[in-house]
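# Observations on the model geometry
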Amino acid sequence: MTEQATRIQVGGTAGTDPYEVLVGRQLLGELPGLIGGGAHPSPATAPSGGASRRRDTRVAVLHPEALAATGEALREDLASQGFEAIAIQLPNAEESKTVEVAAYCWKALGQTGFTRSDVIVGVGGGATTDLAGFVAATWLRGVRWIAVPTTVLGMVDAAVGGKTGINTAEGKNLVGAFHPPAGVLCDLAALDSLPVHDYVSGLAEVIKAGFIADPAILGLIESDPEAAKRPDGPHTQELIERAIRVKAEVVSADLKESGLREILNYGHTLAHAIEKNERYNWRHGAAVSVGMVFAAELGRIAGRLDDATADRHRTVLESVGLPLTYRGDQWPKLLETMKVDKKSRGDRLRFIVLDGLAKPTVLEGPDPAMLLAAHAEIAA
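## Some details on unusual backbone geometry
- Phi angles above zero are rare outside glycine, and A93 is one such case at about 50°.
- Tracing the chain through its elements places A93 in the loop between β4 (84–90) and α3 (99–112).
- With a phi close to 55°, L140 is a non-glycine residue in the positive phi region.
- Note on placement: L140 falls in the loop between α4 (126–138) and β6 (144–149).
- L140 sits in the partly exposed class, given a relative accessible area of 36%.

## Looking at the sheet that holds β6
- In space, the seven strands of this open sheet follow the order β1-β2-β9-β6-β5-β3-β4, with mixed pairing throughout. The open sheet terminates on both sides in strands that have one partner only, identified here as β1 (6–10) and β4. With direction set aside, neighbouring strand axes in the sheet form an average angle of 15°.
- Across seven bridges, strand β3 (residues 58–64) lies against β4 in parallel orientation. What sits directly across from R58, in β4, is E84.
- In the packing of α3 onto the sheet, the strands contacted are β3, β4 and β5 (119–124), and the crossing angle to β4 comes to about 160°.
- Sheet strands touched by helix α9 (residues 236–253): β1, β2 (19–24) and β9 (183–187). Its angle to β1, the strand with the most contacts, is close to 20°.

## Things to note about the pattern of salt bridges
- The tally for this structure, following the rule as stated, stands at 27 salt bridges.
- Notably, a salt bridge pairs R300 with D311, separated by 2.8 Å at the nearest N-O pair. With R300 in helix α11 (residues 284–301) and D311 in helix α12 (residues 307–319), this pair connects stretches of sequence that are 11 residues apart.
- The salt bridge partner of R304 is D355, with a shortest N-O separation of 3.5 Å. Taken together, the positions of R304 in the loop between α11 and α12 and D355 in the loop between β10 (350–354) and β11 (360–364) put the pair 51 residues apart, joining distant regions of the chain.
- By relative accessible area, which is 29% here, R304 ends up partly exposed.
- A single network of salt bridges, built from pairs that share partners, joins E94, K97, D130, K172 and E275.

## Digging into the packing of aromatic side chains
- This structure, assessed with the given rule, holds four aromatic pairs.
- Considering the side-chain rings of W282 and Y326, the 5.3 Å spacing of their centres and the 90° angle between planes classify their relative orientation as edge-to-face. With W282 in the loop between α10 (268–277) and α11 and Y326 in the loop between α12 and α13 (331–338), this residue pair connects regions lying 44 residues apart in the sequence.
- On the basis of relative accessible area, Y326 is assigned to the buried category, the value being 2%.
- A centroid spacing of 6.0 Å and a plane angle of 40° characterise the contact between F294 and W331, whose relative ring orientation is tilted. With F294 in helix α11 and W331 in helix α13, the pair connects residues that are 37 residues apart, well separated along the chain. When sorted by exposure, F294 lands in the same class as W331, which is buried.

## Things to note about the environment of E336
- Residue position: E336 is located in helix α13.
- Put simply, E336 and A273 are 63 residues apart on the chain and 8.6 Å apart in space, counted from C-alpha to C-alpha.

## Details of the pairing of β9
- Most of β9 sits out of view: five of its five residues are buried.
- Here β2 runs beside β9; their pairing, made up of four bridges, is parallel. Counted as the bridge partner of V23 is C186 from β9.
- Direction of pairing for β6 relative to β9: parallel, over a ladder of two bridges. Counted as the bridge partner of A147 is V184 from β9.

## Focus on α12
- Taking 1.5 Å per residue as the helical rise, α12 with its 13 residues ought to reach 18 Å, and the 18 Å between its terminal C-alpha atoms agrees with that figure.
- For α12, the set of buried residues is T309, A310, H313, V316 and L317. Along the axis of α12, the buried positions cluster into a sector of 125°, meaning they face one direction only. Facing away from the buried side of α12 by more than 90 degrees, the exposed set consists of A308 and E318.
- For α12, the elements touching its buried residues are α6 (196–212), α7 (216–223), α11 and β10.

## Thoughts on the packing of α6 against α11
- Packing of α6 against α11 leaves a shortest axis separation of 6 Å and a crossing angle of 40°. Comparing the axis directions of α6 and α11 gives the class oblique. Seen from above, α6 lies across α11 with left-handed handedness. For the pair α6 and α11, the contacting residues are S201, A204, E205, I207 and K208 in the first and H284, G285, A286, V288, S289 and M292 in the second.
- When the residues that make up the contact of α6 with α11 are grouped by side-chain class, the tally is five nonpolar, four polar and two charged.

The rules behind each value
- Numbers given for residues are sequential positions, taken from 1 along each chain in its written order.
- Reporting of local features is limited, given that this is a predicted model, to residues whose pLDDT is at least 70; pairs of side-chain atoms are given and counted only at 80 or more, and all residues count toward the totals for whole chains, interfaces and linings.
- As a rule here, side-chain values come from all non-hydrogen atoms in the structure, and water together with hydrogens is ignored.
- Helix numbering and strand numbering both begin at the N terminus, where a helix is a DSSP run of H or I of at least 4 residues and a strand a DSSP run of E of at least 2.
- Relative accessibility thresholds used throughout: buried, under 20% of the residue-type maximum; exposed, over 50%; partly exposed, between the two (1.4 Å probe, protein chains only).
- What makes two strands pair is DSSP finding at least two bridges between them.
- Whenever a helix is involved, its axis is fitted only over the stretch in contact; in every case the axis is a line through C-alpha atoms, and angles between N-to-C directions fall within 0 to 180 degrees.
- We call two residues in contact when some of their heavy atoms are within 4.5 Å.
- Salt bridges are defined as contacts in which a side-chain nitrogen from Lys or Arg sits within 4 Å of a carboxyl oxygen from Asp or Glu.
- Stacked, tilted and edge-to-face are the three classes assigned to paired rings of Phe, Tyr and Trp, where Trp is represented by its six-membered ring and a pair needs centres within 6.5 Å; plane angles under 30 degrees give stacked, over 60 edge-to-face, the rest tilted.
- To estimate how far a helix should extend, the number of its residues minus one is multiplied by 1.5 Å.
- Directions drawn from the helix axis to the C-beta atoms are what define this arc.
- For classification purposes, angles smaller than 35 degrees are called roughly parallel, those larger than 145 roughly antiparallel, those between 65 and 115 roughly perpendicular, and all remaining angles oblique.
- Helix crossings get a hand from a simple test, with the near helix turned counterclockwise from the far one by less than a right angle marking a left-handed crossing and a clockwise turn marking a right-handed one.
- Under the scheme applied here, ten amino acids are nonpolar (Ala, Val, Leu, Ile, Met, Phe, Trp, Tyr, Cys and Pro), four are charged (Asp, Glu, Lys and Arg), and all others, including Gly, are polar.

Here you go:
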C-alpha cells in the first residue's frame, strides 16, 4: 500500500510540461497510474462475453545487473496488472552509459514492437536513469519514460530535470538529449540497503544544493554529520526533499541550460575530468566533492568568495567522509579534458563559482595561473 508521499512539481514554466517527483516510502503502487492506459481486467474478472486482457501499453523495465531481482519483480507486478512488460538488464553503473548498450536497448524495443504509446521505466542509480532517459529520448524521436531512482544521487540529481545522456571516449555525458520524465518515484526504502560509500557519495549533490541555493541543508548536516551519513538519520527525507526542490526550481525555469540551470554544474567541470581520468571507477559524488573544493578555492583566489565560506566546503564535505584531494600529477590531463567540457565556449573555460553563500555565478576564461593555484589546494 502506498504511504502518503511528498509531491514536488517540476516544469510547468518556460514551456515545459509539468511532472511530479514523489518522495516517501512504498511508492511503487503509484507506478501503474503514471504509466497509464495499460491495466485491464484479467480473464477471471473481465465482464461476460469472453473479454480478456488486452494490451494498450507496453512497458520496458531497464535495470542494472545488480538489481536483477528488483527489475524482474517489477516486470511481474506490471504484467499481473495487464501491461505487456519486458525487462532489459543493463551493466552496472557507468558501464551502462555507452552507445553499445543504448543500441542493445533499441534492438530489444524494436523486437518487441515498441511504439510511441509505450513507456520505459528506468530503475536504478543515476547511470541507469541517464541511459533509460536517453533511450526514451531517441526511440521513435521520443517516448514517455518514468524514473525510479534507487540511490541518493539518482533521487536528488540524475532522475530530476530531463537531462539524459551517455559517455564517449572523449568525456562524460557529451552525447545526450533533454527529455523530461513523465514522473519520478523516490522510494526511500531503496536507500536502506545501499552500501555506505554509495550513500555518502550521493550526499555530495545534496551538499552542492546547500552551497548554491539552500544553506539550511548545510545546517542540518553540520548539526549531526554522523546521522547524515545514514539512511535512517532523522533528517534524511528533509535533506533529499530540499535538494530536489532546489533542482526542481532551477530546471523549471531553465530546462535546456540556457542560463540559470548552469549553476547546477557547481563542482562538475573538474569532477567530470576526474571521472574520465579514472575511467569512471571513481564515484560521481566523490569527484564532485573534490570539484567543489576546487571551485571554492578558485572563487577565493578570484576575490569572489570569502574565506569562511570557502573553508566551510572542506569541513562539511570531510565531516561526512567525502574526499577533498586528487592526484597532483594529473593536472595536465585534467586541464585538457576540461577544455571539451559541455560548459566551455570555444577555447574559454567556464566555471561556476560563488560570490558568497547561495550566490552562484559564472567565472569565464580564468587566468591559467589562477587555475594552477586552485589546483595546488586540492593536489594530493
